[in-house]
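Residue-level structural notes
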Amino acid sequence: MVAEIARQMVAENVGSDIIPSYTSNQSNKNPKILTHPKTNNIKLNPPPIHLLLVSVDQFETPASLASTSSQPPTTPHQAFTVHSAKLPTDIVLLSTALVYIEDCAGEKFTARVLLDSCSQFNLMTESFYQKLKLPIEKDHVKLGGVGQHVTSVNRSVKSIVSSRVSALSWQLKFLVLPTISHDQPAHPLMTTDWEIPSWITLADPTFCTPAAVDALLGADVFFQLLRYGKITLGDHLPILQNTVLGWIVSGRCSSRSSEVEIQRCHLTHNQRLEQLVNRFWALEECGSKTCWSPSEKLCEQHFVENVSRNTDGRYVVRLPMKKELLPRLRDNRFNAQRRFFALEHKLDANPTLRKQYEDFINEFLELGHMRQIAPLELSKENASLPRYFLPHHAVLRPESSTTKLRTVFDASCKSCSGLSLNDVLLAGPTIQDTLLSIVLRFRMHAYVVTGDIAKMYRQVLVHDEDQPLQRIFWRSRKSEELKTYQLLTVTYGTNCAPFLATRVLQQLAEDERSRYPLAAPVVIKDLYMDDLLTGQDDLEQLKKICTELLSIFSSAGMDLRKISSN
C-alpha cells in the first residue's frame, strides 16, 4: 500500500508544502491533486521526492503528526502518515582533521579525528583499533555523558599521532569504544559559494562530506594544537581556525544549497517480534562459516607453502607469524623467570604435585619433544634473532584415565615491548566440522567407533628456525642451575596450535588418500580436534576402516588409542 501511494504521488507530480495524510480505512484510494497555495495552479515541476520506506508490521500515526491527518484512524496501530519536510538549513559543523596514527609496526595510517575540548579522554573506534592491531591494555574507566549516561570502558591502547602538515607528534592513550559518533557532518554541504582562501591548508579537506570518525582527541592535547589565526567566512558561515594540523572548519552554517526537500513516510513495526524471529533463525541455522578473513587466508597459504615431512613421516610446520610484528617481540626472560620461581614455590609446598610435574617434564625429554640448550650454545646465539620464553603451570585432570596432570604453556605473557608470542602469531581459521554436525552423523550409524589421538599436538614438529620462540625454564631442585629448554613440537597454549594440528590431519588425509581410501574421508569429516567419532551400517566395512585408521595415523608418527565400539 505504501509503495502504491508513492507511485501515485510521483505519477501525478504532487509538489506542495503540505502532503495529505492517508489512513488504512479510507475508501478513496486516489489522492487528490493539491494546488499551490499562492498561484492556485498545479505545480508541474516539483523538486525531487525522497521517500523513506520502512518494512512494516503494524502502523500508527506519530502523536506529533496527528494534526496533519485529514481523517483519523478508526483503530490504533493501523495508520500511517505521509508528509513533507525540509532538512534543517542550519548545521553546526564540528572540528575534524586528518592525522597519521601509527600501528604496532610503526606504519602510519590516515585517521579522521574529531577535536573535542570538552573530553577528558582520547577515544578510538573498535574498527580502527582492529586495523592498527595495537597491543591492548586492560583499563577500568567509566565515561559519563549528557543525561548522566555512563559507559564502562575496559580496554585502551597507546599510539603515536602525528600531523600531516608539520613534524609534530604526540604519544597518546586511547580508550577503545565500538563507536564514537555518527558520521560528520550529518548531511553533505555545498561549499561552492564559500570563499575559502586558496593559500590555506585544511586539516580535513573532506569536512563537507559525511564520513566516519575514527578517533577523538580530547582536552589533554586540544589546546596544544591551536595556532594564532582565525578567519570568518561571513554571516551564517563557519569559522576557520589555524592549528598545527591545518585549518579546521567549525561553527554554525546556513546554506540554501544544502536544503533538501524530502517526503517521509512514518511507520512503526513490531520490533520485538522481528528480534524474536531473527534470534530463531540464528539458533536454527546449521550452516558453517566458509568465508575466511584475509589473515585466515594468509595462515592457510603459509601452511601450504611451508609444511613438510621428515624421514620418519612426521609433519614439520612453521609457525604462522605477522612478520611486521616479529621485530617488536622483545625478550621476556625476566617475566618468565619470575613466573617459574612462583611455580617452584608452589611445587615445594606440594611434594605429590612436584612428583607429577617432574614426571611430565621428563616424559617431554624422553619422547624427544623437548631438548636442553647448553650454555655454550646460548652464548653463540645471534642476539638479534627473536626468542621467547613460555611461562608454564600445571592443570590437574583427576577424571582423565591417561594424563592426570597437564602442563599448560602461556604464550600470552607480555614482553617488554607489550607484545606476546600470541600477538605475533596468526590464529588461523576453524577448518573441522562443528561438533554438532559430527555428533549428528555419529548417531545415525548402526555400528560406531570412538577413540582419540595420543598427544596429537606433540606429534607435529616445529621447524628448527621457529623453535627459539618456544623456550622454557626448568630445574628439578632449587640447588641446581636454572636450565633453558626448547620445545620442538606444536605447543598447547599458542593460538595457532589448534589450526596447525587439525590442518596437519587434513594434509595427512590428502597425502595418504591413495593408500588408505577408506580412512582418508573419516580423518577429514569425523574428527573433532583429537577425538574420533565415526561409524558404519556395515560391520565389516567398519572393521576395514578401523584397520586403515590405525595405519594412516601410524604413518605420521601418531597413535590412535582409547578405541571403543558398540
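Look up: the structure comes first, before these words.
The written sequence of each chain sets the order in which its residues are numbered from 1. The predicted nature of this model means local features are confined to residues of pLDDT at least 70 and side-chain atom pairs, given and counted, to a pLDDT of 80 or more, with totals for whole chains, interfaces and linings taken over all residues. To get the side-chain values, take all heavy atoms of the structure and skip hydrogens and water.

**Re the overall build of the protein chain**
Inclusion rule: Helix and strand assignments follow DSSP, with helices taken as H or I runs no shorter than four residues and strands as E runs no shorter than two, numbered in order from the N terminus. Here's how the labels work: a residue is buried when its accessible area is under 20% of the maximum for its type, exposed when over 50%, partly exposed in between, all with a 1.4 Å probe on protein chains only. Here a residue-residue contact requires only that any non-hydrogen atoms of the pair lie within 4.5 Å. Accessibility throughout is a Shrake-Rupley quantity obtained with a 1.4 Å probe, and a residue counts as covered only by protein chains that appear here.
The helix and strand inventory of the protein chain stands at 13 helices and 26 strands. Across the 566 residues that make up the protein chain, the buried fraction comes to 42%. Considering only contacts within the protein chain whose residues lie at least 6 apart along the sequence, 70% involve residues at least 24 apart. If you sum the accessible surface of the protein chain, you get close to 31400 Å²; carbon and sulfur atoms cover 53% of it.

**Quick look at the sheet that holds strand β25 (residues 531–536)**
This is how it is decided: Each pair of strands is called paired provided DSSP finds at least two bridges between the two strands. Axes, fitted as lines to C-alpha atoms, cover a helix only where it is in contact. Angles between the N-to-C directions of the axes lie from 0 to 180 degrees.
The strand order β24-β25-β20-β26 describes an open sheet built from four strands, whose pairing is antiparallel. Strands at the two margins of the open sheet, each flanked by one partner only, are β24 (527–528) and β26 (560–565). Seen against the sheet, helix α13 (residues 539–554) touches β20 (447–453), β24, β25 and β26 and runs at an angle of roughly 10 degrees to β20.

**Overview of the pattern of salt bridges**
Worth spelling out the cut-off: Any carboxyl oxygen of Asp or Glu that lies within 4 Å of a side-chain nitrogen of Lys or Arg is treated as forming a salt bridge with it.
A complete count under the given rule lists 26 salt bridges for this structure. Note that Glu512 and Arg309 form a salt bridge whose closest N and O atoms lie 3.0 Å from each other. Linking Glu512 in the loop between α11 (497–511) and α12 (519–525) with Arg309 in strand β15 (residues 308–309), this pair joins segments that are 203 residues apart in sequence. For Glu512, a relative accessible area of 6% corresponds to the buried category. For Arg309, a relative accessible area of 28% gives the class partly exposed. A salt bridge links Lys543 to Glu540, with the shortest nitrogen-to-oxygen separation between them at 3.7 Å. Of this pair, Lys543 and Glu540 both sit in helix α13, three residues apart, which is roughly one turn of that helix.

**Regarding the environment of Met456**
Summarising the element assignment, Met456 is placed in the loop between β20 and β21 (461–462). Note on Met456: relative accessible area 4%, which makes it buried. Beyond its immediate chain neighbours, meaning those up to four positions away, Met456 contacts Ala501, Leu505, Met529 and Asp530.

**As for the pairing of strand β9 (residues 169–177)**
As paired elements, strand β6 (residues 122–125) and β9 share four bridges and run parallel to each other. Paired with Met124 across the bridge in β9 is Val176. In this structure, strand β8 (residues 150–162) lies alongside β9, joined through seven bridges in antiparallel fashion. Looking across to β9, one finds that Val157 is bridged to Phe174.

**Describing a nonpolar patch on the surface**
To keep things clear, this is the line we draw: Excluding any residue in a salt bridge, patches collect residues exceeding 30% relative accessible area, merging like charges within 9 Å and nonpolar Val, Leu, Ile, Met, Phe, Trp and Tyr side chains within 5 Å.
A cluster of nonpolar residues, Leu273, Val277, Phe280 and Trp281, forms a patch on the protein surface that exposes about 410 Å² of accessible area. With respect to the secondary-structure elements, Trp281 resides in helix α4 (residues 271–284).

**Section: helix α7 (residues 351–366)**
Which entries qualify depends on this criterion: Here, expected helix span is obtained from the residue count minus one, scaled by 1.5 Å. What the arc measures is the spread of directions leading from the helix axis to the C-beta atoms.
Given a rise of 1.5 Å per residue, 16 residues ought to cover 22 Å, and the 22 Å separating the end C-alpha atoms of α7 matches this to within 8%. Of the positions making up α7, those classed as buried are Leu353, Arg354, Tyr357, Glu358, Phe360, Ile361 and Phe364. For α7, the buried positions fall inside an angular range of 160 degrees around the axis, keeping them on one side. Exposed residues on α7 whose side chains face more than 90 degrees from its buried face are Pro351, Thr352 and Glu366. The inward-facing, buried residues of α7 abut α6 (333–348), β17 (370–373), β18 (392–396), β19 (405–409), β22 (471–474) and β23 (483–487). Gly368 sits one or two residues past α7 and shows a positive phi near 75 degrees.

**Let's talk about the side chain of Glu102**
Rules: When charges are counted, Lys and Arg are positive and Asp and Glu negative, with His and the chain ends excluded.
Residue position: Glu102 is located in strand β4 (residues 96–102). Comment: no salt bridge for buried Glu102; closest opposite-charge side chain is Lys108, at 4.9 Å. Leave out the neighbours within four places in its chain, and Glu102 touches Glu107, Lys108, Leu132, Leu134, Ser159 and Ile160.

**Thoughts on the state of the cysteines**
For the record, the criterion: Pairs of cysteine sulfur atoms within 2.5 Å are identified as disulfides in what follows.
Using the criterion set out here, one finds zero disulfides in the structure. There is no disulfide at Cys299, and the cysteine sulfur nearest it, in Cys496, is 7.0 Å away. Taking relative accessible area as the criterion, Cys299 reaches 1% and is therefore assigned buried.

**A closer look at the sheet that holds strand β12 (residues 239–243)**
Sheet architecture is open: four strands sit in the order β3-β13-β12-β11, paired in antiparallel fashion. The sheet is open, and its two edges are formed by β3 (90–93) and β11 (226–232), each paired on a single side. In this sheet, neighbouring strand axes are inclined to one another by 20 degrees on average, regardless of whether the strands run parallel or antiparallel.

**Thoughts on the nonpolar core**
This is how the line gets drawn: Working definition of a nonpolar core: buried Ala, Val, Leu, Ile, Met, Phe, Trp, Tyr and Cys residues. They are joined through side-chain atoms within 4.5 Å.
Of all hydrophobic cores here, the largest spans 69 residues; its most connected members are Leu549 and Phe553. Here this core gets eight residues from one element, more than from any other, and that element is α11. Each residue touching Phe553, except ones within four places of it in the same chain, is listed here: Ile453, Leu505, Leu508, Val523, Leu527, Met558 and Leu560. Of all hydrophobic cores here, the second largest spans 27 residues; its members include Ala97, Met124, Val176 and Val244.

**With respect to the packing of aromatic side chains**
As a reminder, the rule being used: Between 30 and 60 degrees the pair is tilted, below 30 it is stacked and above 60 it is edge-to-face, where a pair is any two Phe, Tyr or Trp rings, Trp via its six-membered ring, whose centres lie within 6.5 Å.
In total, this model carries 11 aromatic pairs according to the counting rule given. Ring geometry for Phe222 and Phe223: centres 5.0 Å apart, planes at 85 degrees, overall edge-to-face. Its relative accessible area of 13% is what places Phe222 among the buried residues. Using a relative accessible area of 56% as the deciding quantity, one classes Phe223 as exposed.

**A word on the pairing of β19**
Taken across its five residues, β19 has four buried, putting it largely inside the fold. Across five bridges, β18 lies against β19 in antiparallel orientation. For Leu396, the partnering residue across the bridge sits in β19 and is Leu405.

No statement about biological role is implied by the geometric values presented.
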